[in-house]
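Coordinates in review
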Protein chains: 4
Amino acid sequence: MQPTKLRGIIPPMITPLKGDDELDREGTVRLTEHLVAGGVHAIFLLGTTGEAQSLTYRLRYEFVELVCRQVAGRIPVLVGVTDTAFIESVRLAEHAAKCGAVGVVAAPPYYFAPSQQELIEYYTALADALPLPLYLYNMPSHVKVFLEPATVKTLANHPNIVGLKDSSANMTYFQTLLYHLGDNPDFSLYVGPEELTGECVLLGADGGVNGGANIFPELYVAMYDAACAHDITRVREIQRRIMQISTSVYTVGKYGSSYLKGVKCALSLLGVCDDYLSYPYRKFRTEERARIRQALEALGANCNV
Amino acid sequence: MQPTKLRGIIPPMITPLKGDDELDREGTVRLTEHLVAGGVHAIFLLGTTGEAQSLTYRLRYEFVELVCRQVAGRIPVLVGVTDTAFIESVRLAEHAAKCGAVGVVAAPPYYFAPSQQELIEYYTALADALPLPLYLYNMPSHVKVFLEPATVKTLANHPNIVGLKDSSANMTYFQTLLYHLGDNPDFSLYVGPEELTGECVLLGADGGVNGGANIFPELYVAMYDAACAHDITRVREIQRRIMQISTSVYTVGKYGSSYLKGVKCALSLLGVCDDYLSYPYRKFRTEERARIRQALEALGANCNV
Amino acid sequence: MQPTKLRGIIPPMITPLKGDDELDREGTVRLTEHLVAGGVHAIFLLGTTGEAQSLTYRLRYEFVELVCRQVAGRIPVLVGVTDTAFIESVRLAEHAAKCGAVGVVAAPPYYFAPSQQELIEYYTALADALPLPLYLYNMPSHVKVFLEPATVKTLANHPNIVGLKDSSANMTYFQTLLYHLGDNPDFSLYVGPEELTGECVLLGADGGVNGGANIFPELYVAMYDAACAHDITRVREIQRRIMQISTSVYTVGKYGSSYLKGVKCALSLLGVCDDYLSYPYRKFRTEERARIRQALEALGANCNV
Amino acid sequence: MQPTKLRGIIPPMITPLKGDDELDREGTVRLTEHLVAGGVHAIFLLGTTGEAQSLTYRLRYEFVELVCRQVAGRIPVLVGVTDTAFIESVRLAEHAAKCGAVGVVAAPPYYFAPSQQELIEYYTALADALPLPLYLYNMPSHVKVFLEPATVKTLANHPNIVGLKDSSANMTYFQTLLYHLGDNPDFSLYVGPEELTGECVLLGADGGVNGGANIFPELYVAMYDAACAHDITRVREIQRRIMQISTSVYTVGKYGSSYLKGVKCALSLLGVCDDYLSYPYRKFRTEERARIRQALEALGANCNV
């Protein structure tokens, strides 16, 4: 279906906001340019890092349109259409297609917990109804169910299902997918957690959908390149830096949301966009913000704000 | 705020469908009349049993309007506004208020898993923004987080938060709420699982939000009355019948969704409405339908279809 | 097999300790007399509240022998033989039989997580090998697996399996067991959490295995009697007192072990026995101990120490 | 404390049995020789794969003695002392020391679920009391708690705590440990799941505690060597073979125990030892055994039995 596989670093773009239903349009433009300039291979909108579920449909539609226009075909755009309502997923995908996106991404419905058989039926119907190629999204911590390897193998046969992003951090699972599907020229495998991009690409994955690439796109692109080149010394060197980010920018406060708050706060400190977070989360306050600033400075970044 | 507490049986009404985005309007009217005739004390639309999360907003709005018009003030109507997007909850509540609903019900956001402190901030902001009194909805199996007793105690002080429905089936939890809030004249406590309505009302709960009351409304009303009258012999007698339903109508097939499929299938067999289920679920097929018919007949019900 | 059912309050006796491998023998004697004087209907040794898993086999054997000798047949004694090693369960049961215990209690093995079919095979083999009647023990929070209703129904047919204690607090589960087995004259159903004894006995359970009965045995016996007499007013009155204990004595500190620490600390303050806790837990320190003292005084208890 | 780090492949040896309390002594000798001949760098007795928790203490002691005598110092022996009872862990460690083992391994207590602070106190006391260096064992699926990175960092300062084996398969966790402790010359990091040994060693881990090395010790040693040599082409090649084992030998039957049953069945088919499994598990029957034979033959192994 799709002519060539997407390979490389595909940041799950945050959604710059000024309020629960107000987009930070200038921030969105700046962040888009920041990512393109950073050399990323594609962008993924409205994923978990994009707070998609917390946004109104209106705002999601506006955001897709704005980013696609700004990107203007320079790199491929993927759009998350994960939803509990089948029809809303299809509609958002239709909008994404009109705006110029090249694919959509869908985690399982996340209120009810479908069985593996129900997942097969659901994804088959969805892929049939979608105007764009579909990437599966394994995200068990947020949607309660795992896309088991047998399920993924079955779904990979559908001509309109072209890949999977795994955010489980369970490498036995990911290695099992690589074993079954790593050689399939029509199916891509991406890893979510940026701490794992190096090793996954070394072992055959097609790339990383890494949240930290919102902040430091070049760093993750460098990791991808080093891993493709089988340069272990360089991979280990970059890995240390990625882990420094992971253990300093994403671990402030006692929140399940430390990662998301950290990424948005960092982008705000770097002058890229607003750090407003939609409910149920709230942005960092002064003290936590100071710790993120410290973490960024330790990483050698210039805080402009 | 609200003049008197709602007490009694409040069925979480199923949403009769003909397709993923098509309401069964005739079935909706028939089911509404079935419930009113059965003597229930109120109706709760768009809960878990109502498949709210699987429906488009358009259909949810249509359903609220249709049921409110049909009920025409004969009994109070509550509307579920549980959503991952704050603004969508508020908008649906505004629509519900216009249609004549008397209260709304909200479980925690269910994609991200908020901390207890974040839940307090979320619900406080929501209750401030809503045009109708708010009932909390504890549903940990579907939303991942528990509304802990200390959180509920704090939220119960908000003038616009007037009660809680607990679907956890964890009675230590419910007894803890009864201990802290059972004597509060401005806060109601309802139990979700119908298997527990008898004992909960005996111990001080205000009623039951019981799915089986879609099928046999009188039975659950009888349980409520028996428990209010402290008639243990009668409570035990009705309990056997409720357990017969629970262990026959809700246990067909190896699905996490057996309960929902069973209720819709039963209503279809009784000639009340269509049994279409929205994704990610699909309705029972012939063999399972035959087992539900058998279960209903063992209960003495007349299958018209 | 057993002539008459055990009915009533069966405290899961704490194990008074002076060190990780040293029994508080005087405290054990005093606690035994405290329980017998309090009118309890039986005693259950080496359950979760008894810290069985944290004790050496040597100490477990010593404790069973000491309590059985002290009880001297005045009330029945049950002994927990829950173990990950089948043979160790059988040996402890043989020791219990020699000491005069009338039954043993076993939760599923708790390191590996057996399937329901494996549980049936395990319990069947165990019941075959045991010299005493066996009570099943459902304790999913500690052993990871649920004894599903269908499994319990199957096992209840074994002539040497005579009952079940449920500590899940899941009342839909317990009501399902009551429905299937409540009328079986050869199978008893007990509830673990003391917050639920009133309602469970009202609905047909045979009694409660309630940790708080270590401290206030008369109170839980009074609840059992009130529930047997269907005296709802009295049940509610006692329920308030049980909930006062539950929400003050068991909730000090941020520990999963607050309940166990609270019970042992209370018994120490009442002058009954030492409050030493075996690893991985440690007893309360001064500040927390002061809060337990306060809670006991609010309950009208005399702290002797 | 210990002069040099253990590095390489350390099979978690299965425990050859003839019955629940009967060791297969001849099988134990053959398996020991099979492992030594296969070039493994050390052996780990009485881990999860060794069914330690299901065995009597008597048998555990016998097994440690027999293997240590058979190994006769040719390679280092580690002994699992994971237990819910502190004192039993210490005693088994004393026995292991007498028999010539060089270290012990302990997962957290697995009946109660300790907090991180309680884990720090528990492991500190244990390491103080043990006659041998202690390796931590992270095994959340079986013991319910995670050894969080901050906890491990604290414990790594104890002079008698010298390493950690991680069986979580969560690579974000393992990468975090590598980041914090990978350069610590006195602390070793091993990975449990054999599917991850290649990438973990590439990124800096000290080795793998891989169950499959019971069957094919040379294969896992080859993976370790390839990863140490940074030979990605060879790593990927061996990885395919390891995944073939993982997806054929460990996936027969619908059991949580498929892995353990598969390993024992394979060793029996290869003529190494008996495939008896202790409760709560039972060995494969004829049909499943045939599928394991098939899987082994597809791997080119000679089934002697």
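If you're wondering where the values come from, they're calculated on a predicted model, not measured in any experiment.

Counting its regular elements, chain A contains 12 helices and 10 strands. Against the compact-globule benchmark of 19 Å for 305 residues, chain A has a radius of gyration of 18 Å, which places it among compact chains. Dimensions of chain A, computed from the C-alpha atoms along their principal axes, are close to 50 × 45 × 35 Å. In chain A, the share of contacts with a sequence separation of at least 24, taken over all contacts with a separation of at least 6, comes to 73%. Here chain A displays about 9700 Å² of accessible surface, and carbon together with sulfur accounts for 50% of that area. Side-chain charges of chain A comprise 27 positive and 32 negative groups, with the mean position of each set lying 5 Å from the other.

The second copy of the chain is related to the first by a rotation about an axis and a shift along the axis. Between the two copies, chain C and chain D, the superposition gives an RMSD of 0.0 Å; the rotation angle is 180° and the shift along the axis is 0.0 Å. What the rotation and shift describe, once combined, is the action of a two-fold rotation axis. Interface overlap between copies is the fraction of interface residues in one copy that are interface residues in the other; for chain C against chain D it reaches 100%, indicating a shared surface.

Next up on the list: the relation of the copies chain A and chain B. Superposition record for chain A on chain B: RMSD 0.0 Å, screw rotation 180°, translation along axis 0.0 Å. Comparing interface residues between copies, 100% of those in chain A also lie at the interface in chain B; the contact surface is shared.

All names here are of chain B. The topology assignment puts Lys5 in the segment before strand E1 (8-9). According to the relative accessible area criterion, Lys5 is buried, its value standing at 16%. At 3.4 Å, the side chain of Lys5 and the backbone oxygen of Asn184 are in polar contact. Reaching out from Lys5, the side chain makes a polar contact with the backbone oxygen of Phe187 at a distance of 3.1 Å.

Turning to the state of the cysteines, a few remarks are in order. Simply put, disulfide is the name for a covalent bond between the sulfur atoms of two cysteines. Residues and elements named next belong to chain D. According to the stated counting rule, one finds 0 disulfides over all chains in the structure shown. No disulfide involves Cys273; its sulfur sits 11 Å from the nearest other cysteine sulfur, which is in Cys265. What makes Cys273 buried here is its relative accessible area of 6%.

Residue and element names in this part refer to chain C. Burial within strand E8 (residues 161-166) is extensive, with 6 of its 6 residues counted as buried. In the sheet, strand E7 (residues 134-138) pairs with E8 via 5 bridges, with the strands oriented parallel. Looking across to E8, one finds that Asn138 is bridged to Asp166. Pairing of E8 with strand E9 (residues 188-191) involves 4 bridges; the strand directions are parallel. Paired with Leu164 across the bridge in E9 is Leu189.

With 40 residues of chain A at the interface, the matching set in chain B holds 40 residues. Summing the contributions of chain A and of chain B, the shared interface buries around 3600 Å²; its carbon and sulfur component is 62%. Per-residue buried area on chain A facing chain B is highest for A:Tyr111, A:Phe112 and A:Tyr279; these three make up 23% of the total on that side. The tally of links between chain A and chain B comes to 16 residue pairs in polar contact (both at pLDDT 80 or more). Elements with a contribution of two residues or more to the side of chain A that touches chain B: helix H3 (86-99), helix H4 (116-129), helix H5 (140-143) and helix H11 (258-269) of chain A.

Moving on: the side chain of A:Thr56. With respect to the element layout, A:Thr56 can be found in the loop between strand E4 (43-45) and helix H2 (57-71). The residues touching A:Thr56, leaving out its near neighbours within four places in the chain, are A:Asp21, B:Ala85, B:Ile87, B:Glu88 and B:Arg91.

Here we take up the pairing of strand E7 (residues 134-138) of chain B. Residues and elements named next belong to chain B. With 5 of its 5 residues buried, E7 lies for the most part within the structure. Here strand E6 (residues 103-106) runs beside E7; their pairing, made up of 3 bridges, is parallel. By the bridge assignment for E7, Val105 is matched with Tyr135. On the question of chirality, the crossover connecting E6 to the parallel E7 by way of helix H4 (residues 116-129) is right-handed.

Another point: the packing of helix H10 (residues 232-248) of chain A against helix H7 (residues 171-181) of chain D. Relative to each other, H10(A) and H7(D) sit at 105°, their axes nearing to 10 Å. Relative to H7(D), the element H10(A) is oriented roughly perpendicular. Contact with H10(A), carried on its side by A:Gln239, A:Arg240, A:Met243, A:Gln244 and A:Thr247, involves D:Gln175, D:Thr176, D:Tyr179 and D:His180 of H7(D) and no other residues of that element. Looking at side-chain class alone, the contact of H10(A) with H7(D) contains 2 nonpolar, 6 polar and 1 charged residues.

Right, let's talk about the sheet that holds strand E4 (residues 43-45) of chain D for a bit. All names here are of chain D. On the basis of which strands lie adjacent, the open sheet formed by 8 strands has the order E1-E10-E9-E8-E7-E6-E5-E4 and parallel pairing. Strand pairing shows two members of the sheet lacking a second neighbour, strand E1 (8-9) and E4, which therefore form its edges. Relative to the sheet, helix H2 (residues 57-71) contacts E4 and strand E5 (77-80), its axis offset from that of E4 by approximately 165°.

Our focus in this paragraph is the interface of chain C and chain D. Opposite the 40 residues of chain C that make contact, chain D presents 40 residues. Ranking the residues of chain C by area buried against chain D places C:Tyr111, C:Phe112 and C:Tyr279 at the top, with a combined share of 23%. Here chain C and chain D share 6 salt bridges between them. One salt bridge connects C:Glu121 with D:Arg285, and the closest N-O pair in it is separated by 3.7 Å. Across the contact surface, chain C and chain D share 16 residue pairs in polar contact (both at pLDDT 80 or more). Put simply, the parts of the chain that give the side of chain C that touches chain D at least two residues each are helix H3 (86-99), helix H4 (116-129), helix H5 (140-143) and helix H11 (258-269) of chain C. Of the residues that constitute the side of chain C that touches chain D, the class distribution is 21 nonpolar, 8 polar and 11 charged.

The next subject is unusual backbone geometry. Residues and elements named next belong to chain A. Cis peptide bonds are those with omega within 30 degrees of zero, and the linkage from Tyr279 to Pro280 qualifies with 10°. Tracing the backbone shows Pro280 in the loop between H11 and helix H12 (286-298). One non-glycine residue, Leu46, lies in the positive phi region at around 65°. Tracing the backbone through its elements, the reader meets Leu46 in the loop between E4 and H2.

Turning our eyes to something else, we now look at the sheet that holds strand E6 (residues 103-106) of chain A. Residue and element names in this part refer to chain A. A sheet is described by the order of its strands in space; here 8 strands give the open sequence E1-E10-E9-E8-E7-E6-E5-E4, paired in parallel fashion. What marks the edges here is a single partner per strand, and that holds for strand E1 (8-9) and E4. Helix-sheet contacts for H4 involve E6, strand E7 (134-138) and strand E8 (161-166), and the interaxial angle to E7 is about 150°.

On inspection of all chains with the given rule, the structure shows 48 aromatic pairs over all chains. Here C:Phe146 and C:Tyr173 contribute two aromatic rings whose centre-to-centre distance is 4.8 Å and whose plane-to-plane angle is 80°, an arrangement assigned as edge-to-face. Taken together, the residues C:Phe146 in the loop between H5 and helix H6 (149-156) and C:Tyr173 in helix H7 (residues 171-181) connect sequence positions 27 residues apart. Residue C:Tyr173 is classed as buried on the basis of its relative accessible area of 6%. Summarising the aromatic geometry, the rings of D:Phe44 and D:Tyr137 are spaced 6.2 Å apart at their centres and angled 80° between planes, so their arrangement reads as edge-to-face. With D:Phe44 in strand E4 and D:Tyr137 in strand E7 (residues 134-138), this residue pair connects regions lying 93 residues apart in the sequence. The rings of A:Tyr110, A:Tyr111, A:Phe112, A:Tyr281, B:Tyr110, B:Tyr111, B:Phe112 and B:Tyr281 are connected pair by pair, giving a single aromatic cluster. Above the ring of B:Tyr57, the side-chain terminus of B:Arg60 is found at 4.4 Å from the ring centroid.

Scoring rules and cut-offs
Residues numbered from 1 in each chain as written. Chains lettered and ligands numbered in written order. Predicted model: local features only at pLDDT ≥ 70, side-chain atom pairs only at ≥ 80, totals over all residues. Heavy atoms only, no water. Helix = DSSP H or I, 4+ residues; strand = E, 2+ residues; numbered from the N terminus. Rg over C-alpha atoms; globule rule 2.2 N^0.38 Å. Contact = heavy atoms within 4.5 Å. Areas by Shrake-Rupley, 256 points an atom, 1.4 Å probe, with all protein chains shown as cover. Lys, Arg positive; Asp, Glu negative; His and termini not counted. Charge placed at Lys NZ, Arg CZ, Asp CG, Glu CD. Least-squares fit on C-alpha atoms with pLDDT ≥ 70 in both. Buried < 20%, exposed > 50% of the residue type's maximum accessible area, 1.4 Å probe, protein only. Polar contact = N/O pair within 3.5 Å; in protein donor to acceptor, adjacent residues only side chain to side chain. Disulfide = S-S within 2.5 Å. Pairing = 2+ DSSP bridges. Buried area = accessible area lost by both parts, 1.4 Å probe. Right-handed = clockwise from strand over helix to strand, strands pointing away. Axes fitted to C-alpha atoms, helices over the stretch in contact; angles between N-to-C directions. Parallel < 35°, antiparallel > 145°, perpendicular 65-115°, else oblique. Nonpolar A, V, L, I, M, F, W, Y, C, P; charged D, E, K, R; others polar. Salt bridge = Lys/Arg side-chain N within 4 Å of Asp/Glu carboxyl O. Phe/Tyr/Trp six-rings, centres within 6.5 Å; stacked < 30°, edge-to-face > 60°. Lys NZ or Arg CZ within 6 Å of the ring centre and 35° of its normal.

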